[in-house]
Amino acid sequence: GREFPNGQNVVSVEPIEVPNESMYPRFTEPIPNVTVRVGRDALLACVVDNLRGFKVAWVRMDTQTILSIHHNIITQNPRISLSYNDHRSWYLHIKNVQEVDRGWYMCQVNTDPMRSRKGYLHVVVPPSIIDNMTSVDTVVREGSDVTLVCRASGYPEPYVMWRREDGQDFNYNGESVAAVDGETLTITKVSRLHMGAYLCIASNEVPPSISKRIMLMVQFPPMLSIPNQLEGAYIGQDVTLECHTEAYPSSINYWTTDRGDMIISGGKYEAFPVDSGYNKFMMLKIRNITKEDFGFYKCIAKNSLGETDGIIKLDEIPAPPSAFTTTQKSILDNQTIRKKGQLANIQNNDAITSNFQGEAYGEQIRDFDFDDENSACTAKIDKLLFIVLVWYVNTMLESCW
């Protein structure tokens, strides 16, 4: 052997001359190309017939380094080993394959001229995100431009794309898109609608694909809207006032009366917010309305970028009419009234004793149709009470006579 200036050892094998061509060894099949993921083991196979007294060697072609000669390992690489079978099949083993192992490998037989076959070891590497070259969570003012960067490594070179974590389309420079290709995502005139989590996804057909989550937060001062600026309620009723706000950073929200007093939740008032992202729903419940509660109420939202407010007026409205007066209810509680055309059962402390009078009274009740929604209900009850009163007076007069 001899040593090259770069320190690589190359061993030459003395060729053997054979006068008859049929006596030469021959390769029965090509060395198949092998694809292996980094970190796994690789196996290269060389099958030779009629080897006789010849010797087989494995050579790394790009460096011209002899790896093995016949039964002996020449290289100092501890990850490389050799196995053979029946003086015919010769296997080169590479454990824990690294990217430096990628390249051409040759199986040689020391004939004259030398005979050989070669195969390629393709080492693939799944994608990975290069954190120190990739954007982190970003905060930007609404209306400005923003650029997110994602760098990935792997072999073959990874393909990189961006999409929202929630899967929704987003406005990308005037166009609604589901995903954007490339390592950079540049959004001009960013709005609050762009706020959310974005995924940088890298893939190169070597599983698994990998992604990184980047939050985009868009700052803007509070904005406020009121579904109903005028609310009506009657005395004794409970009412709920409502304001909708949008802000980032999240706003401080509260209510005041028309005198400017801050409303504290508890007792008569219950103030409760409902959060949904940068949206907030301000709710103010006022219990058991009194005369003093009518007037103006202000909802206020503040954050570090500004503040806004809105006013709701609470007006008095008439209470809905009662279905029965107290006197009418006391009479009806002692009687069962059925719909028109049906018989009525009359119970009045056995005051009705005359068949004729009872039939007349029952007829009047049958003419009365009890219906809460009938506008003539009160008038019919008054008529019924008048008939009962006349009957009672006549009965008392007859008893006196």
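None of these values were measured; they are calculated from a predicted model.

Calculation notes
- Residues numbered from 1 in each chain as written.
- Predicted model: local features only at pLDDT ≥ 70, side-chain atom pairs only at ≥ 80, totals over all residues.
- Heavy atoms only, no water.
- Pairing = 2+ DSSP bridges.
- Helix = DSSP H or I, 4+ residues; strand = E, 2+ residues; numbered from the N terminus.
- Core = buried A, V, L, I, M, F, W, Y, C linked by side-chain atoms within 4.5 Å.
- Buried < 20%, exposed > 50% of the residue type's maximum accessible area, 1.4 Å probe, protein only.
- Phe/Tyr/Trp six-rings, centres within 6.5 Å; stacked < 30°, edge-to-face > 60°.
- Lys NZ or Arg CZ within 6 Å of the ring centre and 35° of its normal.
- Disulfide = S-S within 2.5 Å.
- Axes fitted to C-alpha atoms, helices over the stretch in contact; angles between N-to-C directions.
- Salt bridge = Lys/Arg side-chain N within 4 Å of Asp/Glu carboxyl O.

## Quick word on the sheet that holds strand 5 (residues 42–49)
Taken in spatial order, the four strands line up as 3-5-10-9 in an open sheet, and their pairing is antiparallel. Two strands close off the open sheet at either side, each with one partner strand: strand 3 (26–27) and strand 9 (80–85). The pairing of strand 9 with strand 10 (residues 89–94) spans six bridges and is classified as antiparallel. Bridge pairing in strand 10 places S81 opposite H93.

## Structural notes on the nonpolar core
Of all hydrophobic cores here, the largest spans 24 residues; its most connected members are W58, Y105 and L121. With four residues, strand 5 is the largest single contributor of residues to this core. If you look at the next biggest cluster of nonpolar residues, it comprises 23 residues, including V146, W162, V190 and A202.

## So, the packing of aromatic side chains
Going through the model one piece at a time under the given rule, you end up with five aromatic pairs. Ring geometry for W104 against Y120: centres 5.1 Å apart, planes inclined by 70°, an arrangement best described as edge-to-face. Pair noted here: W104 is in strand 11 (residues 103–109) and Y120 is in strand 12 (residues 115–129), with a separation of 16 residues, a long-range link. When the ring centre of Y155 is taken as origin, the NZ or CZ atom of R102, which lies over that ring, is 3.7 Å away.

## What about the state of the cysteines?
Overall, the coordinates contain three disulfides when judged by the stated rule. One disulfide bridge connects C46 with C107, the sulfur atoms lying 2.0 Å from each other. Its S-S torsion of about -75° marks the bond between C46 and C107 as left-handed, since a negative value means left-handed. On the criterion of sequence distance, the pair formed by C46 in strand 5 and C107 in strand 11 is long-range, its members being 61 residues apart. The residues C46 and C107 share a single accessibility class, namely buried.

## Things to note about the sheet that holds strand 23 (residues 230–233)
In a beta sheet, neighbouring strands pair by backbone hydrogen bonds and run either parallel or antiparallel. Here four strands make up an open sheet; going across it, the order is 23-29-28-25 and the pairing mixed. Edge positions in the sheet fall to strand 23 and strand 25 (252–257), since each has one partner strand and no second. Within the sheet, the average angular offset between the axes of one strand and its neighbour, ignoring direction, is 25°. As paired strands, strand 25 and strand 28 (residues 295–303) are joined by six bridges and run antiparallel to one another. If you follow W255 over to strand 28, its bridge partner there is C299.

## Thoughts on the pattern of salt bridges
As enumerated under the stated definition, the model contains 17 salt bridges in all. The shortest N-O distance in the salt bridge between K212 and D131 comes to 3.7 Å. With K212 in strand 22 (residues 210–225) and D131 in the loop between strand 12 and strand 13 (138–141), the pair connects residues that are 81 residues apart, well separated along the chain. Of the charged contacts, one joins R259 and D261 as a salt bridge, the two residues approaching to 3.5 Å between their closest N and O atoms. Owing to a relative accessible area of 40%, D261 belongs among the partly exposed residues under this scheme. Overlapping salt bridges, with partners in common, bring together E142, R192 and E246 in one network.

## Examining the pairing of strand 27 (residues 279–286)
Pairing between strand 24 (residues 239–248) and strand 27: eight bridges, direction antiparallel. Directly across from C243, in strand 27, lies its bridge partner M282. As judged from the eight bridges shared by strand 26 (residues 269–276) and strand 27, these two strands associate in the antiparallel manner. Bridge pairing in strand 27 places D275 opposite K280. Connecting the antiparallel pair strand 26 and strand 27 is a turn made up of two residues, with G277 showing a positive phi of about 65°.

## Topic: unusual backbone geometry
The omega torsion across D112 and P113 is 5°, close enough to zero to call that bond cis. Note that P113 resides in the loop between strand 11 and strand 12. Across the junction of Y155 and P156, the peptide omega takes the value 0°, indicating a cis bond. Backbone geometry places Q64, a non-glycine residue, at a positive phi of 55°. Here Q64 shows up in the loop between strand 6 (56–60) and strand 7 (65–69). A relative accessible area of 48% means that Q64 is categorised as partly exposed. The backbone phi angle of N173 is positive, close to 55°, even though this residue is not glycine. For N173, the location among the structural elements is in the loop between strand 17 (170–172) and strand 18 (175–177). For N173, a relative accessible area of 40% translates into the label partly exposed.

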